[in-house]
Amino acid sequence: MIAYNVNKIREDFPILNVKVHGKPLIYLDNAATSQKPKQVIQAEKDYYETINANIHRGVHKLSEDATAGYEEAHEKAADFIGADNLDEDSNIEQIIFTRNTTESLNLLAYSLSNSKIDTGGGNNKADTIFELKEGDDILITQAEHHANLVPWQQLAKKLKLKLKFAKISLDSNDDEDFGTLDVQQFNELVTKKTKIVAVAQMGNVLGTINDAREIGKIVHENNPSALFIVDGAQSVAHSKVDVAKLGCDFFAFSGHKMLAPTGIGVLFGKKNLLEQMKPFMYGGDMIRKVTFEDTLYNDLPWKFEAGTPNIAGGIALGSAIDYLQKIGMENIFAHEQELTRYALKRLEEFEDITIYGPRKMSEKRTGIISFNIDGIHAHDVASIFDQHGIAIRGGHHCAMPLMSLLNVAGTARISFYLYNKKEEVDKVVDAIKSVKKIFA
Amino acid sequence: MEFFAEDMYRENIMDHFKNPRNHGIIKNPDIGFADNNPLCGDEIGITVKLKTEKIKDKNGNEEIKEEIAEIKFNGKGCAISQASTSMLTEQVMGMKLKDVKKMKNNDVIKNLGIPLQPIRVKCALLGFKVLEAGIFLYEGKNKAIK
Ligand SMILES: Cc1ncc(COP(=O)(O)O)c(C=O)c1O
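Quick caveat: nothing in here was measured; it's all calculated off a predicted structure.

Observations concerning the overall build of chain A
Here is step 1 of the chain: For chain A, the count of helices and strands is 16 helices and 19 strands.
Here is step 2 of the chain: Compactness check: chain A gives a C-alpha radius of gyration of 22 Å against a globular reference of 22 Å for 440 residues, within 12% of the reference.
Here is step 3 of the chain: Its C-alpha atoms give chain A principal-axis dimensions of about 70 × 55 × 40 Å.
Here is step 4 of the chain: Looking at the 440 residues of chain A, the share that counts as buried comes to 59%.
Here is step 5 of the chain: Carbon together with sulfur atoms contributes 50% to the accessible area of chain A, which is approximately 18000 Å² in total.

Now the structure itself:
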C-alpha cells in the first residue's frame, strides 16, 4: 500500500483553494455534503460536451453512448457496495438510481405499502410473506435522520401500524457507549409483528457505527418475513460496505455525500424482492408495453426509474466511485479514524465541552463529532467558526426527536472526510478558544 | 487573528447578550406573546404595559394614544436573538404603538450594526416577530371588546 497522501488528495479538490472571510477554507461539514474532486466535475462536463442524449430510446450513437455510460454507472455502484457478490449476473438489476437517500427511502415506504412479497427467508411458507396489515409494526432507532423516520411515521399513520424506536444509550458518563444502540433491547423489539426494520449504519449526529451485520441477523432470525433496510447515507461514503455480508434487504445512499454531484442517489434491493414490488412512479422508461387499458412494467432496475433520469449525475457518480476505489475505502476509513482520535484527544483540553456520542475512540464511532460549549448556542459557535473560515454545522441535523432526547436545542458538529488533515483540527481548537474568549 | 470573529460578535452585542436590558416578565400585561424558532430552539417571550390616553387631534376628533410604558422579555437562545431582542426593547420603550407597527425588519436588524448571514436574520428578528404578533392579538382583542 502506498502511504496515504492527504496533500496529494487535496490537490484534486479545487474548492479547497477558496478563501472564506480571507482565510483558507477548512471544510468540516462533510456529513451534510462532501466536496467534489476535479475528476468528478470533469466527468459531468465530459458527458454534456461529448455524449449528451436521452437513454434507452435513440438508436443513434450518442444515445447508445449515454445509455452505456449510465448503465455502467449502475454496475460500478453494484460493485462498490458488494451487490455483485450477491448475484454476479444481475448486479445492475439490484441498483436503482434515485435523487438521494430520502427518495430511496420514500420509494421503499411507498412501494412496500402496497406490495405482497414472498421473502423466501424461512422454512415455513406462511411465515415468509411480507404484507403490511393493521397492527404490524415498524422498528427504527431513536437516532435516525428525519429521512429514515418521517416516511415510516407517515406510513404507520396511514396503515395503522405501530412505529417503535429502539433505544440508544443516554448515559453521558459512558465514554465508549454514549449514543450507541442497545442491541439487547433491540433484539426484544423485533417480533413476529415487526415487518420493517430501518437503521442507519452510521449516525449523522452522534457519529456512532451500528453493527448492521449483527442487526440483520437478529431481524431475520426473529422474523423471516421482516425486511431489513439500511440507511447508508453516511456509511457508504466513509467505509467499505458489503451488502452481501450485511444481510440487508435494501440499502439506501446519496451520491452527494461521497464526492458525486447532488441529485443522484441509490437504492440497492435484493432482486427477488424488487421483482415482486410495485413501482413507485409511473410513466416513461419504466414500461415494457403499454396499451390503452394496461401496462406491462419494464425489467429491473428500470421498473423503478420512471422518466428521464439524472444521466449526467449517474455517470459522475460512477466517476466518484472510481476515485474512491482508487484510494481505497479502507484507507479513507483509517485516515478519518486517525483524525477523529486526534480531535477527541484535543477536545479533552476543554472542560466545558460536552460531546454527544462516544468520547473514546473505538470501532463504535466515526469522524462525526457533535458537541456543545457550556452556555453557548451552537449557532453562535458555527458563526464564529465561519469567521475563521471553518465550515461546520450548528443545529438539529435533521434529527429533532434525538435533540429533545439529548435535551438540547442543537449541537455544533464537525465531520471529516478524506481531504481533512490534523492541522485543521488544530485550527478548530483555536476557533473554540476564540468562541470562549468572545463569550467569556 | 480573531478580529473577524470579534467583528461579528461586537462588544455591544455581547454586552446586550450578557446583560440583557428589560429582562423579565410583567405581571398582568396588556400585551403578551411568546414564540420559538424550532430550527434553532431560540425562544422569546415579550410582555408589554401600555399607557393609554385619550387626546384630541387638531380637528377636535377624539383619538386614543397608546404608548409602550414598559416592556420586558425573557427567553433563551443564541447571542444574536437575545441581544437583538434586548436592543429592541430599548428601541421601542416609550414609542407610540402605531409607530411600532410601522417598523420594518431592517429597523431592527440595523441595531446590531453587523452584516448577518441569511440564516441568522431569523434569529435577529425573532423578538420583533413576537412583539408584532403580540400587538396583533392585542388589537384583535380590543376591537372585539369595543
Ligand atoms: C444518516 C442519514 N440519512 C439520510 C440522510 C438524507 O440524505 P439526503 O438529504 O441526501 O437524502 C442523511 C443526510 O443528511 C443522513 O446523514
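A look at the nonpolar core
Here is step 1 of the chain: Core analysis: the largest hydrophobic core is formed by 78 residues, its most contacted members being A:Ile81, A:Phe186, A:Phe251, A:Met258 and A:Leu418.
Here is step 2 of the chain: Of all the elements, helix α12 (residues 311-327) of chain A adds the most residues to this core, at 10 residues.
Here is step 3 of the chain: Both domains that furnish three or more residues to this core are identified here as domain 1 (6-30 + 328-435) and domain 2 (51-325) of chain A.
Here is step 4 of the chain: Filtering out sequence-adjacent residues up to four positions away, A:Ile81 remains in contact with A:Ile95, A:Val236, A:Val241, A:Asp242, A:Val243, A:Phe251, A:Phe253 and A:Phe268.
Here is step 5 of the chain: Formed by 70 residues, the second largest nonpolar core is a distinct cluster that contains A:Ala343, A:Leu347, B:Cys40 and B:Cys78.

Some points on the packing of helix α2 (residues 11-18) of chain B against helix α3 (residues 79-92) of chain B
Residue and element names in this part refer to chain B.
Here is step 1 of the chain: α3 packs onto α2 with a crossing angle of 85° between their chain directions and a minimal axis gap of 8 Å. Classified by the interaxial angle, the pair formed by α2 and α3 is roughly perpendicular. In contact with Asn12, Ile13, His16 and Phe17 of α2, α3 contributes Ala79, Gln82, Ala83, Ser86, Met87 and Glu90.
Here is step 2 of the chain: Across the contact of α2 with α3, the residue classes tally to 5 nonpolar, 4 polar and 1 charged.

Digging into the pairing of strand β16 (residues 368-373) of chain A
Residue and element names in this part refer to chain A.
Here is step 1 of the chain: Along β16, 6 of the 6 residues are buried, which leaves the element largely enclosed by surrounding structure.
Here is step 2 of the chain: Burial along β16 is two-sided: the face carrying Ile368, Ser370 and Asn372 and the face carrying Ile369, Phe371 and Ile373 are both buried.
Here is step 3 of the chain: Strand direction decides the pairing type here: β16 and strand β19 (residues 411-415), joined by 4 bridges, are antiparallel. Its bridge partner being in β19, Ile368 is matched across the sheet by Ser415.

Quick notes on the environment of A:Ile311
Residues and elements named next belong to chain A.
Here is step 1 of the chain: Structurally, Ile311 is set in helix α12.
Here is step 2 of the chain: Judged by relative accessible area, Ile311 falls into the buried class, the value being 5%.
Here is step 3 of the chain: Sequence separation between Ile311 and Tyr48 is 263 residues, and the spatial gap between their C-alpha atoms is 9.8 Å.
Here is step 4 of the chain: In contact with Ile311, not counting residues within four places along its chain, are Tyr47, Ala53, Asn54, Ile55, Ala66 and Tyr70.

Things to note about the packing of helix α5 (residues 101-113) of chain A against helix α6 (residues 150-159) of chain A
Between two packed helices, both the angle of their axes relative to each other and the distance between the axes serve to describe the pair.
All names here are of chain A.
Here is step 1 of the chain: At a minimum axis distance of 10 Å, the contact between α5 and α6 shows a crossing angle of 15°. Between α5 and α6, the interaxial angle falls into the category roughly parallel. The chirality of how α5 crosses α6 is right-handed. Contacts between α5 and α6 involve Leu105, Asn106, Leu108, Ala109 and Ser113 from the first element and Pro151, Trp152, Leu155, Lys158 and Leu159 from the second.
Here is step 2 of the chain: Looking at the contact of α5 with α6 residue by residue, the classes come out as 7 nonpolar, 2 polar and 1 charged.

Remarks on the sheet that holds strand β3 (residues 62-76) of chain B
All names here are of chain B.
Here is step 1 of the chain: The sheet built from 3 strands is open, its strands ordered β1-β2-β3 with antiparallel pairing. One side of each edge strand has no neighbouring strand; the edge strands of this open sheet are β1 (31-37) and β3. Taking the axes of each pair of neighbouring strands and ignoring which way they run, one obtains an average angle of 20° across the sheet.
Here is step 2 of the chain: As judged from the 14 bridges shared by strand β2 (residues 42-56) and β3, these two strands associate in the antiparallel manner. Each bridged residue has a counterpart across the sheet, and for Glu43 the counterpart in β3 is Lys76.
Here is step 3 of the chain: Sheet contacts for α3: β2 and β3; angle to β3, the most-contacted strand, approximately 155°.

What to know about the environment of A:Asp29
Residue and element names in this part refer to chain A.
Here is step 1 of the chain: You can see Asp29 is positioned in the loop between β3 (26-27) and α2 (38-51).
Here is step 2 of the chain: Asp29 sits in the buried class, given a relative accessible area of 13%.
Here is step 3 of the chain: Expressed as a C-alpha distance, the spacing of Asp29 and Ile390, which sit 361 residues apart in the sequence, is 9.0 Å.
Here is step 4 of the chain: In this view, Asp29 contacts Ala391, Ile392, Arg393, Arg413 and Ser415; residues no more than four positions away in its chain are not counted.

Concerning helix α13 (residues 329-347) of chain A
Here is step 1 of the chain: If you check α13(A), its first and last C-alpha atoms are 26 Å apart, about what 19 residues at 1.5 Å a residue would give, namely 27 Å.
Here is step 2 of the chain: Along α13(A), the positions that sit buried rather than exposed are A:Met329, A:Asn331, A:Ile332, A:His335, A:Glu336, A:Gln337, A:Leu339, A:Thr340, A:Ala343, A:Leu344, A:Arg346 and A:Leu347.

Some words on the interface of chain A and chain B
Interface size is commonly expressed as the accessible area that is lost once the parts come together.
Here is step 1 of the chain: At the interface, 18 residues of chain A touch 22 residues of chain B.
Here is step 2 of the chain: A buried area of about 1800 Å², summed over both sides, lies between chain A and chain B, and 60% of it is on carbon and sulfur atoms.
Here is step 3 of the chain: In terms of surface lost to chain B, no three residues of chain A exceed A:His379, A:Gln387 and A:Ile438, which account for 29% of the buried area on that side.
Here is step 4 of the chain: Here chain A is connected to chain B by 1 salt bridge.
Here is step 5 of the chain: The closest approach of N and O atoms between B:Arg120 and A:Asp380, which form a salt bridge, is 2.9 Å.
Here is step 6 of the chain: At the surface where chain A touches chain B, the tally comes to 11 residue pairs in polar contact (both at pLDDT 80 or more).
Here is step 7 of the chain: Counting only elements with at least two residues in the side of chain A that touches chain B, the list comes to α14 (378-387) and α16 (422-439) of chain A.
Here is step 8 of the chain: Across the side of chain A that touches chain B, the residue classes break down as 6 nonpolar, 8 polar and 4 charged.

Brief notes about unusual backbone geometry
All names here are of chain A.
Here is step 1 of the chain: For the peptide bond that leads from Leu300 to Pro301, omega is -5°, which places it in the cis range.
Here is step 2 of the chain: Here Pro301 is to be found in the loop between β14 (295-297) and α12.
Here is step 3 of the chain: The phi angle at His21 is positive, at roughly 50°, despite the residue not being glycine.
Here is step 4 of the chain: Inspection of the secondary structure puts His21 in the loop between β1 (19-20) and β2 (23-24).
Here is step 5 of the chain: On the accessibility criterion, His21 (34% relative accessible area) is partly exposed.
Here is step 6 of the chain: At His397, a residue that is not glycine, the phi angle is positive and equals roughly 55°.

Cut-offs and rules
Residues numbered from 1 in each chain as written. Chains lettered and ligands numbered in written order. Predicted model: local features only at pLDDT ≥ 70, side-chain atom pairs only at ≥ 80, totals over all residues. Heavy atoms only, no water. Helix = DSSP H or I, 4+ residues; strand = E, 2+ residues; numbered from the N terminus. Rg over C-alpha atoms; globule rule 2.2 N^0.38 Å. Buried < 20%, exposed > 50% of the residue type's maximum accessible area, 1.4 Å probe, protein only. Areas by Shrake-Rupley, 256 points an atom, 1.4 Å probe, with all protein chains shown as cover. Core = buried A, V, L, I, M, F, W, Y, C linked by side-chain atoms within 4.5 Å. Domains from an automatic or database assignment. Contact = heavy atoms within 4.5 Å. Axes fitted to C-alpha atoms, helices over the stretch in contact; angles between N-to-C directions. Parallel < 35°, antiparallel > 145°, perpendicular 65-115°, else oblique. Nonpolar A, V, L, I, M, F, W, Y, C, P; charged D, E, K, R; others polar. Pairing = 2+ DSSP bridges. Left-handed = near helix turned anticlockwise from the far one by under 90°. Expected span 1.5 Å × (residues − 1). Buried area = accessible area lost by both parts, 1.4 Å probe. Salt bridge = Lys/Arg side-chain N within 4 Å of Asp/Glu carboxyl O. Polar contact = N/O pair within 3.5 Å; in protein donor to acceptor, adjacent residues only side chain to side chain.

Bear in mind that shape data such as this cannot, by itself, settle questions of function.
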